[in-house]
Amino acid sequence: MMRLLIFFFPLFLFAQQKITTKSIDNKLEKSNALLFEGHTDNMVKLNLSILEDSKHINYPKGKVYACYNLALAFSMQYRYNKSNSYLKLMESEFKNLDDDDEEISLNLLYSINYRGIKMYDEALKKLKKNLVLANHIKIDSIRYSSNTMTLVEMAKSYIEKKSYDSATYYCKRVIEEVGKSKKQNSGLNTSLKIALLTLTEAKLKENKIDSAEFYVKSAQSVPIVLGNNEFRTFKLLGDIKGAKKQYDSAIVEYKKAIELAAKVKNIRKLLELYDLISQAYEKTGQVDNEKKNKLKYNALSDSLKIIEDENLKDTVGLLVEEKQNHLEDRNNLLLSVILIGCTGSILIIFLVNNIIRKKNKILNVKEQETKILTQKLNVAFEEVVQLAKSNDPEFMTRFQEVYPDFFPKLLQIEPQLQNSELKFCALLFLNFSSKDIAEYTFVQPQSIQIRKNRLRKRLNISSEEDLYIWMKNINSN
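Residues numbered from 1 in each chain as written. Predicted model: local features only at pLDDT ≥ 70, side-chain atom pairs only at ≥ 80, totals over all residues. Heavy atoms only, no water.

The next point concerns the overall build of the protein chain. Across its full length, the protein chain carries 23 helices and zero strands. For the protein chain, the residues scored as buried account for 43% of the 477 residues in total. Considering only contacts within the protein chain whose residues lie at least 6 apart along the sequence, 61% involve residues at least 24 apart. When the accessible surface of the protein chain is totalled, it reaches about 26,600 Å², and 55% of it is carbon and sulfur. (Helix = DSSP H or I, 4+ residues; strand = E, 2+ residues; numbered from the N terminus. Buried < 20%, exposed > 50% of the residue type's maximum accessible area, 1.4 Å probe, protein only. Contact = heavy atoms within 4.5 Å. Areas by Shrake-Rupley, 256 points an atom, 1.4 Å probe, with all protein chains shown as cover.)

Further remarks concern the packing of helix 7 (residues 120-134) against helix 8 (residues 140-160). For the pair helix 7 and helix 8, the least separation of the axes is 9 Å and the interaxial angle reads 160°. Taken together, the axes of helix 7 and helix 8 are roughly antiparallel relative to one another. The interaxial crossing formed by helix 7 with helix 8 has left-handed handedness. Residues Tyr-120, Ala-123, Leu-124, Leu-127, Lys-128, Asn-130, Leu-131 and Ala-134 of helix 7 form the contact with helix 8, whose participating residues are Arg-143, Ser-146, Asn-147, Thr-150, Leu-151, Glu-153, Met-154, Ser-157, Tyr-158 and Glu-160. Of the residues contributing to the contact of helix 7 with helix 8, the split by class is nine nonpolar, five polar and four charged. (Axes fitted to C-alpha atoms, helices over the stretch in contact; angles between N-to-C directions. Parallel < 35°, antiparallel > 145°, perpendicular 65-115°, else oblique. Left-handed = near helix turned anticlockwise from the far one by under 90°. Nonpolar A, V, L, I, M, F, W, Y, C, P; charged D, E, K, R; others polar.)

Turning to the confidence of the model for the protein chain, a few remarks are in order. Averaged over every residue, the pLDDT of the protein chain is 80; residues scoring 70 or more account for 79%. Overall, residues 1-16 carries pLDDT values under 50, and its contacts beyond four positions in sequence, including any with other chains, amount to zero contacts. For residues 323-352, every residue scores under 50 in pLDDT, and the model assigns this stretch 18 contacts once sequence neighbours within four places are set aside. (pLDDT = per-residue confidence, 0-100.)

Phi at Lys-162 is positive, roughly 65°, even though this residue is not glycine. We classify Lys-162 as exposed; its relative accessible area is 61%.

Let us look at helix 9 (residues 164-180). The first and last C-alpha atoms of helix 9 sit 25 Å apart over 17 residues, in line with the 24 Å expected at 1.5 Å per residue. Among the residues making up helix 9, those that are buried are Tyr-164, Ser-166, Ala-167, Thr-168, Tyr-169, Tyr-170, Cys-171, Arg-173, Val-174, Glu-177 and Val-178. (Expected span 1.5 Å × (residues − 1).)

What follows is about the environment of Tyr-120. Note that Tyr-120 resides in helix 7. Accessibility expressed as a relative area gives 14% for Tyr-120, which makes it buried. Between the C-alpha atoms of Tyr-120 and Lys-161, which are 41 residues apart in sequence, the distance is 7.0 Å. In this view, Tyr-120 contacts Arg-115, Ser-157, Glu-160 and Lys-161; residues no more than four positions away in its chain are not counted.

And the structure:
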C-alpha cells in the first residue's frame with residue numbers, strides 16, 4: 001500500500017501544479033456563459049472551485065471575480081445575505097487588484113441587494129458614489145456604460161420608492177447618455193432597453209397607459225434581446241392589456257413572462273406574475289385556472305417570506321457593522337441599563353424602558369439630521385457652489401446628485417423647462433444674488449431680473465412671494 005502511495009504521489013503533485021491563471025480565466029469564461037443561461041446553481045459550484053484555486057496560487061483577479069460571481073448568483077436567488085458576505089470578501093481583495101472598475105460593479109450589486117430588502121436610501125448612496133467614480137474613467141465607452149448602468153439602477157430604486165418623477169428623470173438621463181456615445185454596443189443597448197421598460201413601468205404606475213405603450217414599443221425596437229430576462233417585457237405588455245381590460249390578451253402575455261421567469265428562477269417576479277394572471281383569469285370567469293395560479297402564488301409566497309426574513313436580519317447586521325460601529329458602546333450602555341432595571345420593581349422597569357425608548361428616538365433622529373446636514377452643508381454644498389462659481393460643466397450633474405428631487409419637482413410644475421432655466425433655478429436655490437449670477441454666467445446684471453420675472457410666470461410664482469424661499473421650499477416639500 002505504501003508503495004502505491006509513493007508511486008501515485010508525483011501524479012497528485014503534478015495535478016495540483018496544473019492550476020494556473022489561464023485555467024482560472026477559462027473557468028471564469030464558463031461562469032459567464034452559465035450566468036446568461038440562468039444556471040445559477042451550477043454557477044455557484046463553479047465559482048466556489050475558482051475561489052479555492054485562486055486562493056491556492058494567490059491569484060487576486062481570480063479571487064475578486066469569483067467572489068463577485070458568487071455574490072451575483074446569490075443575489076439572483078434573492079439570498080442577499082450570502083451575496084453581501086461575498087461582496088465584503090471581494091472588498092478585502094481590492095488592494096491586491098489594480099482595477100477601479102470593480103468598485104463600480106461592487107456598488108451596483110450592493111445597491112440591488114439593499115433595494116431587494118427595501119433599503120432604498122442605502123441603495124441610492126452606493127449608486128451616487130458610482131456617478132462620482134465614473135467621472136474619473138478616461139475611456140468614453142466604459143464611462144458611458146458605467147453611467148448608464150448606474151442610472152438604470154437609480155431609476156429602479158425610485159420606482160420602488162414610488163417616486164415616479166425621479167424614476168422618469170433618471171431613465172431619460174440614460175437615453176441621453178446612450179445618445180452621447182459615438183458607437184453603440186450591447187451594454188449600452190441593454191441599459192437603454194431596461195431604461196425604456198422602467199419608463200413603461202413608471203407610466204403604468206401613474207396610469208398613463210398611452211405613454212406606457214409608447215415606451216414598451218420603443219424598448220422592443222432596441223436591437224438587443226435580453227434572453228430569458230425578456231419576461232419583463234411580456235409582463236409589462238400584460239399589464240397594458242389588463243389596463244385596457246383586454247384580459248384574454250393579458251393572459252397570453254403573462255404566460256410568456258411566467259415561462260421565461262421560471263427558467264431564470266426569478267421567484268419574486270413569478271410570485272407577482274401568478275397573482276396577476278390569477279386576477280386576469282378571475283376577470284374572464286375561468287375559476288379553475290384562477291385557483292390553480294392562486295395556489296402557486298401562495299406556495300411561492302411562503303417560501304419567499306422565509307428567505308426575506310433571513311435576508312433582512314443578516315443584511316441589517318451587515319449595515320450596522322459597516323456604518324454604525326460608533327454606536328456600539330452606546331448600545332452596550334443602554335443594554336446594561338435595561339438589565340439593571342430588570343432587577344428592580346415593575347415600576348422601575350416601566351420607567352427605564354420609556355426613558356430608553358425616548359432617548360434612542362431622540363439620539364437617532366438627531367444623529368441622522370446631523371449626518372445629513374453635515375454632508376450637504378459642509379461638503380456637498382460647498383462643492384456644488386464652487387462648481388457654479390467656476391461655471392464648470394459638471395455643475396448640473398453634481399447638483400442633481402446632491403439634490404435629486406429638485407429638478408423633478410420643477411419639471412412636474414412646468415415640464416417644458418429648458419436646461420438653462422433649470423440651471424438658473426439651481427443658482428437661486430443656492431442663494432446666489434443677481435449680481436453673483438451675472439458674474440458667474442457672464443451676462444449683464446439687468447438681464448437677471450428679466451429672467452427672474454419670466455421664471456415667475458413659467459412657474460406661477462406670485463410677485464409677493466420671495467423667489468429664493470420658494471426654491472428652498474419646493475425641495476423640502
